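What follows is each chain in one-letter form.
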Amino acid sequence: MTDQSSNQMWGGRFAAGPDAIMEAINASIGFDQRMAAQDIAGSRAHAAMLAATGVITDSDAQAIREGLLTVLSEIQNGEFQFSTALEDIHMNVEARLKEVIGEPAGRLHTGRSRNDQVATDFKLWVRDQLDAAESGLLALIRALLAQAEAGADWVMPGFTHLQTAQPVTWGHHMMAYVEMFGRDLSRVRDARARMNESPLGAAALAGTSFPIDRQMTAEALGFDRPAANSLDAVSDRDFALEFLSSASICAVHLSRFAEELVIWSSAQFRFVTLSDRFSTGSSIMPQKKNPDAAELIRAKVGRIYGANTALMMVMKGLPLAYSKDMQEDKEQVFDAADNWMLALAAMEGMVKDMTANRESLAAAAGSGFSTATDLADWLVRVLGLPFRDAHHVTGSLVAMAESKGCDLPDLTLEDMQSVHADITDDVYSVLTVQNSVNSRQSYGGTAPDQVRAQVKRWKALV
Ligand code: ARG
């Protein structure tokens, strides 16, 4: 072995150790220690396979596998001394293993490289996060379903351009987010299925001349199969990019919903009351209850999409196979994952706890001439007017109501007939908000029956 100044893993070729700046730019142990459990799982699987294929002895494999568990518990108990000189988690673990079990530790790195090792560790880490995202999304979807079921027939205004458009139901609005988070869920599941191939055994880039069994290590680590091309296995990070892009799309959905909660909880809207548990106060204005969690969720998309962009730029133009650039993958993914999981949990908590203010929703649902389309549709259906003419007649009636300072149902039949003589009393039946939503029975429409059918369908899925 070499002296202290050069590296114990590759010191044979080196006369001097690295400059302090070199060490600082090169080291990843400050962050990749988060993959310790995955690194040790990968090494334990590798050691068992090396013994099964006769590359190392059973007793060496046994010593390695047990020693690795000792190292793991030292890390988990916070007793492990991480060393920047040892660069990354892989070499920190291996060096400590050497101290714990001695000579057999040197046989662990047979038939592999840090290149397949890091790809394996990182995949296992990302896979765990996809599983966490799946649970977080399922919990959020269930919370939304509970809201939708309770308020399947509560009327509220539906908006386009944030202007009152047509009445919808609370349940329908909640179910819109169920659809969005449901697609996020399917993206997460797709990404997991696609990424679940083992890089282990690809070695540095070309595979190995040792008679390894990649099927065995793949199975031991819960992969569906070994990755079929060793160059690809060590050099792509598309699984991390897919994680980040799925996270980004979900974060966009979260931010839109968060924005609605911010608006809805304002004194001007009063559509929802957020619970004390998910609100904050103001240190100066005693009356305030602020939707900080919603605001922070709204903001998270910035860093999550930032991570996606950053890793895209890291990977762009890299020649095959491994380049050290790829060490820059981890901090982006770690930060995005932490914030995605937190945002999902916070949104679930807010949705579970929040109260929809039925009266405010109903009052707002009828304002802004929200049943004007129903009136136009009535003119088409009952009087046989072409829709364009009906639109015009309705526009005149809206203008009349506006000038009188009343809503459409408050116009008298004489008022109505002054615009179109054939209008009858029957028209009032479509001007109520409840009838408006009840009538929207088209598949996927806002009618409470349709909403309940969708809630039922989703409940069977999640
Ligand atoms: N710390 C490195 C990374 O995160 C591990 C792989 C290093 N491989 C190498 N050939 N230098 O990418």
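Residues numbered from 1 in each chain as written. Predicted model: local features only at pLDDT ≥ 70, side-chain atom pairs only at ≥ 80, totals over all residues. Heavy atoms only, no water.

## Here we look at the site of the ligand
Thinking step 1. Taken together, S28, D32, D88, H90, R114, N115, V118, Y322, Q327 and K330 are the residues near the ligand.
Thinking step 2. Within the side chain of R114, one N or O atom sits 3.3 Å away from a nitrogen atom of the ligand.
Thinking step 3. When residues of the shell around the ligand are assigned to their parent elements, the largest contribution, three residues, is made by helix α6 (residues 114–150).
Thinking step 4. For the shell around the ligand, a count of residues per class yields two nonpolar, four polar and four charged. (Near = heavy atom within 4 Å. Polar contact = N/O pair within 3.5 Å; in protein donor to acceptor, adjacent residues only side chain to side chain. Helix = DSSP H or I, 4+ residues; strand = E, 2+ residues; numbered from the N terminus. Nonpolar A, V, L, I, M, F, W, Y, C, P; charged D, E, K, R; others polar.)

## Regarding the UniProt feature "domain: Argininosuccinate lyase C-terminal" (unreviewed entry) in the protein
Thinking step 1. In the numbering used here, UniProt assigns the "domain: Argininosuccinate lyase C-terminal" (unreviewed entry) feature to residues 369–438.
Thinking step 2. Its end C-alpha atoms 17 Å apart, residues 369–438 is made of 67% helix and 0% strand. (UniProt positions renumbered as here; feature names shortened; annotations may be inferred.)

## Comments concerning the packing of aromatic side chains
Thinking step 1. Across all of its chains, the model carries 11 aromatic pairs by this definition.
Thinking step 2. Summarising the aromatic geometry, the rings of F122 and F239 are spaced 5.7 Å apart at their centres and angled 65° between planes, so their arrangement reads as edge-to-face. Here F239 lies in helix α10 (residues 238–264) and F122 lies in helix α6, a separation of 117 residues in the sequence. Across the pair, F239 and F122 agree in class, each one buried.
Thinking step 3. Measuring from centroid to centroid gives 6.3 Å for F159 and F269, while their planes differ by 50°, and the two rings are tilted. Of this pair, F159 sits in strand β1 (residues 155–160) while F269 sits in the loop between α10 and β5 (272–273), and the two are 110 residues apart along the sequence.
Thinking step 4. By relative accessible area, which is 25% here, F159 ends up partly exposed. (Phe/Tyr/Trp six-rings, centres within 6.5 Å; stacked < 30°, edge-to-face > 60°. Buried < 20%, exposed > 50% of the residue type's maximum accessible area, 1.4 Å probe, protein only.)

## Comments concerning the pattern of salt bridges
Thinking step 1. Under the defined criterion, the tally for this structure stands at 26 salt bridges.
Thinking step 2. Among the salt bridges present, the one from E197 reaches R225, with a minimum N-O distance of 2.9 Å. Note that E197 is positioned in strand β3 (residues 197–198) and R225 in strand β4 (residues 225–226), a separation of 28 residues in sequence.
Thinking step 3. We classify E197 as partly exposed; its relative accessible area is 24%.
Thinking step 4. The shortest N-O distance in the salt bridge between R237 and D329 comes to 2.8 Å. Remark: D329 occurs in helix α12 (residues 329–353) and R237 occurs in the loop between α9 (230–235) and α10; sequence separation between them is 92 residues.
Thinking step 5. Judged by relative accessible area, which is 1%, R237 ranks as buried.
Thinking step 6. The exposure class of D329 is buried, given its relative accessible area of 0%.
Thinking step 7. If you follow the salt bridges from partner to partner, you end up with E87, D88, R114 and K324 in one network. (Salt bridge = Lys/Arg side-chain N within 4 Å of Asp/Glu carboxyl O.)

## As for the packing of helix α4 (residues 58–76) against helix α5 (residues 89–101)
Thinking step 1. Close contact between α4 and α5 brings their axes to 9 Å; oriented N to C, the two are set at 115°. Of the possible angle classes, the one that applies to α4 and α5 is roughly perpendicular. You can see that α4 and α5 cross each other, and the crossing is right-handed. Here A63, I64, G67, L68, T70, V71, E74 and I75 of α4 lie close against α5, whose contacting residues are V93, R96, L97, V100 and I101.
Thinking step 2. Among the residues forming the contact of α4 with α5, the class breakdown is nine nonpolar, two polar and two charged. (Axes fitted to C-alpha atoms, helices over the stretch in contact; angles between N-to-C directions. Parallel < 35°, antiparallel > 145°, perpendicular 65-115°, else oblique. Left-handed = near helix turned anticlockwise from the far one by under 90°. Contact = heavy atoms within 4.5 Å.)

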